[in-house]
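Observations on the model geometry
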Amino acid sequence: MKLEINSSQQMQKLGQAIADTAKGNDLLLLNGDLGAGKTTLTQGLGRALGIRRPVKSPTFTIVREYREGKLPLFHMDFYRLENDDLSSIDLSEYLTASGIVVIEWPELIINDLPDEYLELKITRIDNEWDSTTRRVEFIAKGERNEAWLSKIMKEFE
Ligand SMILES: Nc1ncnc2c1ncn2[C@@H]1O[C@H](COP(=O)(O)OP(=O)(O)OP(=O)(O)O)[C@@H](O)[C@H]1O
Ligand SMILES: [Mg+2]
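Just so you know, these numbers come straight off a predicted model, no measurement behind them. (Residues numbered from 1 in each chain as written. Chains lettered and ligands numbered in written order. Predicted model: local features only at pLDDT ≥ 70, side-chain atom pairs only at ≥ 80, totals over all residues.)

1. Re the pairing of strand E5 (residues 100–104)
Along a regular strand, successive side chains alternate from one face of the sheet to the other. Here is the rule we go by: We call a residue exposed when 12 or fewer other C-beta atoms sit within 10 Å of its C-beta, buried when the count reaches 20 or more, and partly exposed for counts in between; the C-beta positions come from the backbone. Helix and strand assignments follow DSSP, with helices taken as H or I runs no shorter than four residues and strands as E runs no shorter than two, numbered in order from the N terminus. Each pair of strands is called paired provided DSSP finds at least two bridges between the two strands.
Buried residues dominate E5, accounting for five of its five residues. Burial along E5 is two-sided: Ile100, Val102 and Glu104 and Val101 and Ile103, pointing in opposite directions, are all buried. One ladder, built from five bridges, connects strand E2 (residues 26–32) with E5; its direction is parallel. Of the residues in E5, the one forming a bridge with Leu27 is Val101.

So this is what it looks like as structure tokens:
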């Protein structure tokens, strides 16, 4: 499943469709290079959950928790993961805390993740540095996430 996104606003709208169809304990993996739009999508998602403070990139903290919305949002970014950092956060606790877990740079902890998730691969499809076009590829692992993906697609139409 693939989509073409033409602006950061549209990327946030995709985040909104994801939030509107999410349930407790959902896991969303966001892959894509620096500046692909992972945090931008998460901002739309957070706003749609009813989180009023702006969702910021958690690059220096690994996890940011937002508990004031419709579902708790646990936003993680493993880009700067140091060897011993992972032991300082209890990933399994977040994954069972009835919130939505959103992970940027999940490939850095792929061995610690469950095998069912919804993954988005965000890529630029042209070479202009300021291009606002992105391709989003969806990979749903497991029935629950396949069902989530079809709801997202209906919601986003
Ligand atoms: N279609 C688009 N979708 C998302 N962001 C876009 C788009 N077009 C332009 N942008 C811009 O690209 C930048 C994306 O930055 P963002 O922080 O979301 O990337 P990221 O994938 O989280 O990067 P990092 O790996 O550094 O965390 C923003 O400045 C955003 O405004
Ligand atoms: Mg980011």
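Past the structure itself, the notes keep going.
2. Here's the deal with the sheet that holds strand E1 (residues 2–5)
Our working definition: Axis angles are defined between N-to-C directions and span 0 to 180 degrees, where every axis is a line fitted to C-alpha atoms and, for a helix, only to the segment in contact. The contact criterion used is a C-beta to C-beta distance within 7 Å, with each C-beta placed from the backbone.
Taken in spatial order, the seven strands make up an open sheet running E1-E7-E6-E2-E5-E4-E3, and their pairing is mixed. Two strands in the sheet have a free side with no partner beyond their single neighbour: E1 and strand E3 (63–66). Neighbour to neighbour, the strand axes of the sheet diverge by 20 degrees on average, direction disregarded. Relative to strand E6 (residues 118–124), E2 runs parallel, the two sharing five bridges. Residue Leu28 lies in a different strand from E6, and its bridge partner there is Leu118. Taken strand by strand, helix H1 (residues 8–20) contacts E1, E2 and strand E7 (134–140), and its axis lies near 140 degrees from that of E1.

3. Describing the site of ligand 1
Here is the rule we go by: Think of it this way: take the backbone, place a C-beta atom on it, and check whether that atom is within 6 Å of the molecule or strand, in which case the residue is near it. When residues are grouped by polarity, Ala, Val, Leu, Ile, Met, Phe, Trp, Tyr, Cys and Pro land in nonpolar, Asp, Glu, Lys and Arg in charged, and all others, Gly among them, in polar.
Surveying the vicinity of ligand 1 reveals 17 residues, the closest of which are Met11, Gly37, Thr39, Thr40 and Thr132. Elements represented by at least two residues in the shell around ligand 1 include exactly H1 and helix H2 (38–48). For the shell around ligand 1, the leading source of residues is H2, giving three residues. Taken together, the residues of the shell around ligand 1 break down into five nonpolar, nine polar and three charged.

4. A word on unusual backbone geometry
Unlike most non-glycine residues, Ser98 shows phi in positive territory, near 60 degrees. Along the chain, the position of Ser98 falls in the loop between helix H3 (91–95) and E5. Among the residues examined, Ser98 registers 10 C-beta atoms within 10 Å and is labelled exposed. Even without being glycine, Trp105 reaches a positive phi, approximately 60 degrees. Looking at the element boundaries, Trp105 is found in the loop between E5 and E6. Residue class for Trp105 comes out partly exposed when judged on the 19 C-beta atoms lying within 10 Å of it.

5. Focus on the nonpolar core
What counts here: Joined through C-beta atoms within 7 Å, a set of buried Ala, Val, Leu, Ile, Met, Phe, Trp, Tyr and Cys residues constitutes a nonpolar core.
With 33 residues, the main nonpolar core has Leu28, Leu30, Val101 and Val102 as its most contacted residues. Contributions of two or more residues to this core are made by H1, E2, H2, strand E4 (73–77), E5, E6 and helix H4 (143–156). Residues contacting Val101, with those up to four places away along its chain left out, are Leu27, Leu28, Phe74, Met76, Tyr94 and Leu95.

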